[in-house]
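Survey of secondary and tertiary structure
Below are the chains, spelled out letter by letter.
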Amino acid sequence: MKKKPSPSSDLPFETFTWAQVRDEVKVPGNGEEDSDRVLVLTGSVVIPHDLGLDFRQGLFAQDDEDAPPFTGLIVRGDLTVEGCVLNWENDFGPFLQVHGNLVAKRIAMGGARLHVTGDVTTEDLVAVYNHGSVFVGGNLKARTLASHYAFTVVGAVDAHRYLGQDSKVFAVAGGVEDVRDPYDAKGVFVPAVVADGRVDLDKARARLAAGKPIARDAFTSIREAFRQLVAKKLAEPDKVKSLSLEDKGLTSLPEELFLFRKLEKLNLRRNNLRALPEALGQLTELRELDLRGNGLLELPESVGSLTKLRVLDLEANCLWRLPESLSGCVELRRVNLVNNPYASVRRAFGSWRQVQLMFDFPEVLTRLPKLEVLTFEGTPLRTLPARRFDSATLSQATVLRSLVTQVDPALHAQLQVDVERSRESAAAYVGYWFRPETLRLESFYDAKADRHDFAEVLALLALLLRITIPVAAPYEETLEKFRARSQEIARHLDWDGDKPRHVHALFGALRDALGPLGEPYPGDALIAGLRDVFAAHAG
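Residues numbered from 1 in each chain as written. Predicted model: local features only at pLDDT ≥ 70, side-chain atom pairs only at ≥ 80, totals over all residues. Heavy atoms only, no water.

1. As for the pattern of salt bridges
Oppositely charged side chains are able to pair whenever their charged atoms sit close together. Here is the rule: Counted as salt bridges are all cases of a side-chain nitrogen of Lys or Arg within 4 Å of a carboxyl oxygen of Asp or Glu. To qualify as a helix, a DSSP run of H or I must reach at least 4 residues; to qualify as a strand, a run of E must reach at least 2; elements of each kind are numbered from the N terminus.
Enumeration according to the criterion identifies 39 salt bridges in this entry. Glu 324 is the salt-bridge partner of Arg 367, the closest N and O atoms lying 2.2 Å from each other. A residue pair is termed long-range when its members are at least 10 positions apart, and Arg 367 in the loop between helix H4 (345-349) and strand E25 (373-377) and Glu 324 in the loop between strand E23 (311-313) and strand E24 (334-338) qualify at 43 residues. One salt-bridge network, in which partners are shared between bridges, spans Arg 269, Asp 290, Arg 292, Asp 313 and Glu 315.

Written out as structure tokens, the structure reads:
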């Protein structure tokens, strides 16, 4: 049952209309009427119980249901809440604006809006839904912070922070996130609020409302959990044949892993490994290596030492080349290279300026003597190998959704290539990457300096041109993708109708960049068509 905080009758409330305090309020609007009422407390205030932020409950209760509602609380000073700052409704709630610092035992927000000019100090902070907003003008200090959306903290954050349904927990100290040593949700939060590796924020809010803990007494990182997991196995490492570190948020491999020299099967799926150490070559007994879903950029040269390897799963990474040493994997039967690059290519490389793609077929694959199955799909290959496969046992070799336009029937008889879809595949990259989520205002505009920087945007445009020209001529699909996405981007950038200058600046920069970017492609129809598309939004 939801707990309804009771009001403190001895607090020196004043009541104002929304019209009287509108200019003072800093939280985003919620459709308030001029006659709506706002509670105001002046000076440092202590509330010795929970502070509820739900309409017509607790402090915001009203005897006359027909009277204008209380739409928020302003504290003109510091606020201490000895219980929980609590909002149950996910879509809305009265706002809380504190002109000083906020100290609360617990904070559990839904759709209400919280704006604190100074610091916020609490044990646990949960923000359930993105209809609300949280702004902290100073520092934020908490034991745990859990939310499905990022909110604004001007100062430094100190907390173990969980952001997003599928994310890990990271320790943040002084505003710096330690990405080297992540935590599973179950290593920080109590089992009652963790399901399928995710924090159930509704359950977390309910426990905070009931005064129950949502965090463990001591936190255990993934790396420490691994050490605990293998502590007994390390006593006899040569007996360990199979090991799974799937979905552990790893950004590097624990050193202890390479003590298992007799390991035959290693599962590293769905981590955040951008590179693998040369020590991988020490696991010479490996038969199966699963690296799916990491965002890997390259394989180490030592992979060639895995001479007994039979299965190599590289799906959903960002590999742009394979090392020549791979030819040493003479027992390799199956190689999966579907979706390279995967969706988060920019995050994997760090910026569009650093992105590299696998345009050329890695010929080292043709030198694997026992290869049976090879799968490419969704990889922007332009070229096919200039030599036949050495393997006489190759039964399935596919190149699907690529940029390949020509196949030599004599040389590539073992390959199944859908050249008919190369134009469609090229256009698809515009749909994947040229979109509002990629070209958000903060990606090219520094609000503090009031300055635009289009380096990243233009690097993306250059990459898309390299993918598309000349594969997709005469470019109908690509131009239509650019046209539709440009309309979406312009609409999202100027959603409220008050940011047209950013739209004009962005598309003006894109239009002007077609001059130097188009020099390698004189007279190309895509360049001419894009000038019209971008000019339509450049103002």
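2. Some points on the sheet that holds E24
The test is simple: DSSP-based pairing: two strands are paired if at least 2 bridges between them are found.
The sheet built from 8 strands is open, its strands ordered E20-E21-E22-E23-E24-E25-E26-E27 with parallel pairing. Pairing within the sheet leaves two strands with one partner each, and these edge strands are strand E20 (242-244) and strand E27 (416-417). For E24 and E25, the ladder comprises 5 bridges, and the chain directions are parallel. Bridge pairing links Asn 336 to Thr 375 in E25.

3. Quick look at the side chain of Ser 402
To be explicit about the condition: Burial status follows relative accessibility: with a 1.4 Å probe on protein chains alone, a residue under 20% of its type maximum counts as buried, one over 50% as exposed, and anything between as partly exposed.
Checked against the element boundaries, Ser 402 lands in the loop between strand E26 (396-400) and E27. Using a relative accessible area of 1% as the deciding quantity, one classes Ser 402 as buried.

4. Things to note about the packing of aromatic side chains
Note on aromatic pairs: each is described by the distance of the centres and the angle between the planes. How we decide: The aromatic pairing rule takes the rings of Phe, Tyr and Trp, using the six-membered ring of Trp, and pairs them if the centres are within 6.5 Å, calling planes under 30 degrees apart stacked, those over 60 edge-to-face and the rest tilted. Here, a charge over a ring means that NZ of Lys or CZ of Arg falls within 6 Å of the ring centre while also lying within 35 degrees of the ring normal.
Per the counting criterion, the structure on display carries 14 aromatic pairs. With a centroid separation of 6.0 Å and an interplanar angle of 85 degrees, the aromatic rings of Phe 482 and Phe 534 are classed as edge-to-face. Of this pair, Phe 482 sits in helix H7 (residues 476-493) while Phe 534 is found in helix H9 (residues 525-538), placing the two residues 52 residues apart along the sequence. By way of ring pairs, the aromatic residues Trp 352, Tyr 429, Tyr 432 and Trp 433 are connected into one cluster. One cation-aromatic arrangement involves Arg 76 over Phe 16; the distance from NZ or CZ to the ring centre is 5.5 Å.

5. Quick look at unusual backbone geometry
The peptide bond linking Asn 340 to Pro 341 adopts the cis configuration, its omega dihedral lying at 15 degrees. Counting through the fold element by element, Pro 341 comes out in the loop between E24 and H4. Although it is not a glycine, Ala 316 adopts a positive phi angle of roughly 60 degrees. Of note, Tyr 475 is a non-glycine position whose phi angle comes to about 75 degrees, a positive value. Within the secondary structure, Tyr 475 is located in the loop between helix H6 (455-468) and H7.

6. Topic: the packing of helix H5 (residues 422-433) against H6
Basically, it comes down to this: Only the contacting stretch of a helix is used when fitting its axis, a line to C-alpha atoms as for every element, and angles between N-to-C directions run 0 to 180 degrees. Just so you know how the angles are binned, under 35 degrees is roughly parallel, over 145 roughly antiparallel, 65 to 115 roughly perpendicular, and the rest oblique. If you view the pair so one helix is near and one far, a crossing is left-handed when the near helix is turned anticlockwise from the far one by less than a right angle, and right-handed when it is turned clockwise. Throughout, a contact is declared for two residues whenever any of their heavy atoms are within 4.5 Å. We call Asp, Glu, Lys and Arg charged. Ala, Val, Leu, Ile, Met, Phe, Trp, Tyr, Cys and Pro are nonpolar, and the rest, Gly among them, are polar.
Following both chains from N to C, one finds H5 and H6 inclined at 160 degrees, their axes separated by 8 Å at the closest point. Classified by the angle their axes make, H5 and H6 are roughly antiparallel. The way H5 lies across H6 gives a crossing that is right-handed. Seen from H5, the contacting residues are Ala 426, Tyr 429, Val 430 and Trp 433; seen from H6, they are Leu 460, Leu 463, Leu 464, Ile 467 and Thr 468. The residue makeup of the contact of H5 with H6, split by class, is 8 nonpolar, 1 polar and no charged.

7. Considerations on the pairing of strand E9 (residues 113-116)
Side chains of E9 alternate between two faces, with Arg 113 and His 115 and Leu 114 and Val 116 buried alike. Of the pairings in the sheet, the one linking strand E7 (residues 95-98) to E9 comprises 3 bridges and is parallel in character. By the bridge assignment for E9, Leu 96 is matched with Leu 114.

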